[in-house]
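# Report on the structure
Each chain, letter by letter, is given below.
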Amino acid sequence: MSFDHPAVHSGLVPLVVAFLAAGVLRLALGAGRGPQAASAAAGVGFLVAYLLTLGLPPWPPSGALQKLAYVAAAGLAIGLLLDLLRAGVIWARLLGVLALVAALAWVFEAQVRQADPRALLQPALLAAGGALALWRVAGQRAQGVAPAVAVIVAALGLAGVALVSASLSIAQLAGALAAAVGGFALWSWPVARFPFAAGGNFAALIPLLALAAVTTLLTKAPVWALAPLLLVFFADLVSSRLPAGSGRWREALQPVYLAVIAAIPAALAVGLAVYAAGGGGDADLYLR
């Protein structure tokens, strides 16, 4: 398989880069701050994949996909800083919601400038759902790899939605984000080592939510088709009740249960996107 193959750019590269970056962060920052900052590696993997897929975006960016790169870069910097400062959950939640609103306002800049309530409805719904997802994930940093698994499944679901909604480029980026978070998650399965801390929330989850906004803006996918993806971040309420033994055995099985349960609303989102697209469309790598 050639290095230029899309599967390499959006799969293998972000996974390997994020895995290596997490190890480097752990070694460079030591036992005190290293584990806390390791989840920022997912953002590193995603940005590398973005550059390989779409190239370096200009400044100022002229489109939503170009803005996404700067959202991810800013999220990586802010999340890493918060982890280095050992910011608590409440700060991660509050600053995360503010950063999300700012990112979506930038992505939907044209609609925001209209100041028309009808034009603002879509950004408002995405902001509300995204804030709820971020608030929940930010409070789960002590739950091992579970938050990362939820982000991975949501990203794969979004990739499916984008693919059936006629955007191969967005599908590639969503897949790359899933792979990057997966590279980080490999360090914490089957034994949890690193928390999905502020670095993960800002460098991976906020770009994922911004990518969802870009999907509704540039494809046929309506906001309601993405609604089931919000349930992915609550799937642990079901998976945690399934029998998994105890100790290390439970620690290894719970993420698998979570992935299976979370895949149900993710698949539903893809199904709704197929319905909204009237049976699907032709993917276009070069979205305007």
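Look up: the structure comes first, before these words.
Right, let's walk through the structure included here. Predicted model only: the values in this text are computed from it and were never measured.

### Remarks on the overall build of the protein
A tally of helices and strands in the protein yields 13 helices and zero strands. For 288 residues, the compact-globule formula gives about 19 Å, and the C-alpha radius of gyration of the protein, at 18 Å, lands near that figure. For the protein, the spread of C-alpha atoms along the three principal axes comes to 50 × 45 × 40 Å. The buried share of the protein, reckoned over its 288 residues, is 52%. Taking the intrachain contacts of the protein between residues at least 6 apart in sequence as the baseline, contacts between residues at least 24 apart amount to 78%. Counting every atom, the protein has about 12,500 Å² of accessible surface; 70% of that belongs to carbon and sulfur.

### Quick look at helix α9 (residues 198-218)
Between its first and last C-alpha atoms α9 spans 29 Å; for 21 residues at 1.5 Å apiece the expected length is 30 Å, and the two agree. Along α9, the largest kink reaches about 30° and is centred on Leu205; proline Pro207 follows within four residues of it. For α9, the tally of buried residues reaches 19 of 21 residues, placing the bulk of the element in the interior.

### Overview of the side chain of Arg93
Within the element layout of this structure, Arg93 appears in helix α4 (residues 89-107). Buried charge without a partner: Arg93 forms no salt bridge, and the closest opposite charge is Asp236, 10 Å away.

### A short note on empty space enclosed by the protein
Taken as a whole and assessed by the stated rule, the structure comprises one cavity of 30 Å³ or more. The volume enclosed by the largest cavity comes to roughly 40 Å³. Forming the boundary of the largest cavity are Gln140, Ala146, Pro147, Ala150, Val232, Phe233, Phe234, Ala235, Asp236 and Leu258. Broken down by element, the lining of the largest cavity gets its largest block of residues, three residues, from helix α7 (residues 146-164). For the lining of the largest cavity, a count of residues per class yields eight nonpolar, one polar and one charged.

### Some thoughts on the packing of helix α2 (residues 41-54) against helix α8 (residues 168-185)
Look at α2 against α8: their axes get within 8 Å of each other, and the N-to-C directions meet at 150°. Put simply, α2 runs roughly antiparallel to α8. Between α2 and α8 the crossing geometry is right-handed. On α8, the residues touching Ala42, Gly45, Phe46, Ala49, Tyr50, Thr53 and Leu54 of α2 are Gln172, Leu173, Ala176, Leu177, Ala180 and Val181. Looking at the contact of α2 with α8 residue by residue, the class counts come to 10 nonpolar, three polar and no charged.

### Focus: a nonpolar patch on the surface
Together, Leu12, Leu15, Val16, Phe19, Leu20 and Leu186 make up a nonpolar patch on the protein surface, roughly 490 Å² of accessible area in all. Note on placement: Val16 falls in helix α1 (residues 6-37).

### Some points on the pattern of salt bridges
As enumerated under the stated definition, the model contains two salt bridges in all. Arg136 is paired through a salt bridge with Asp236; the nearest N and O atoms lie 2.6 Å apart. In this pair, Arg136 is assigned in helix α6 (residues 117-138) and Asp236 in helix α12 (residues 236-239), connecting sequence segments 100 residues apart.

Rules of the game
- Residues numbered from 1 in each chain as written.
- Predicted model: local features only at pLDDT ≥ 70, side-chain atom pairs only at ≥ 80, totals over all residues.
- Heavy atoms only, no water.
- Helix = DSSP H or I, 4+ residues; strand = E, 2+ residues; numbered from the N terminus.
- Rg over C-alpha atoms; globule rule 2.2 N^0.38 Å.
- Buried < 20%, exposed > 50% of the residue type's maximum accessible area, 1.4 Å probe, protein only.
- Contact = heavy atoms within 4.5 Å.
- Areas by Shrake-Rupley, 256 points an atom, 1.4 Å probe, with all protein chains shown as cover.
- Expected span 1.5 Å × (residues − 1).
- Bend = angle between axes of the 7 residues up to and from the residue.
- Lys, Arg positive; Asp, Glu negative; His and termini not counted.
- Salt bridge = Lys/Arg side-chain N within 4 Å of Asp/Glu carboxyl O.
- 1 Å grid on protein atoms, 1.4 Å probe; cavity = no way out; pocket = protein on both sides within 12 Å on 5 of 7 lines; lining within 4 Å.
- Points joined across faces, edges and corners; volume = space filled by probe spheres on them.
- Nonpolar A, V, L, I, M, F, W, Y, C, P; charged D, E, K, R; others polar.
- Axes fitted to C-alpha atoms, helices over the stretch in contact; angles between N-to-C directions.
- Parallel < 35°, antiparallel > 145°, perpendicular 65-115°, else oblique.
- Left-handed = near helix turned anticlockwise from the far one by under 90°.
- Patch = residues over 30% accessible without salt bridge, like charges linked within 9 Å, V, L, I, M, F, W, Y side chains within 5 Å.

Purely geometric stuff here, so don't read any function into it on its own.
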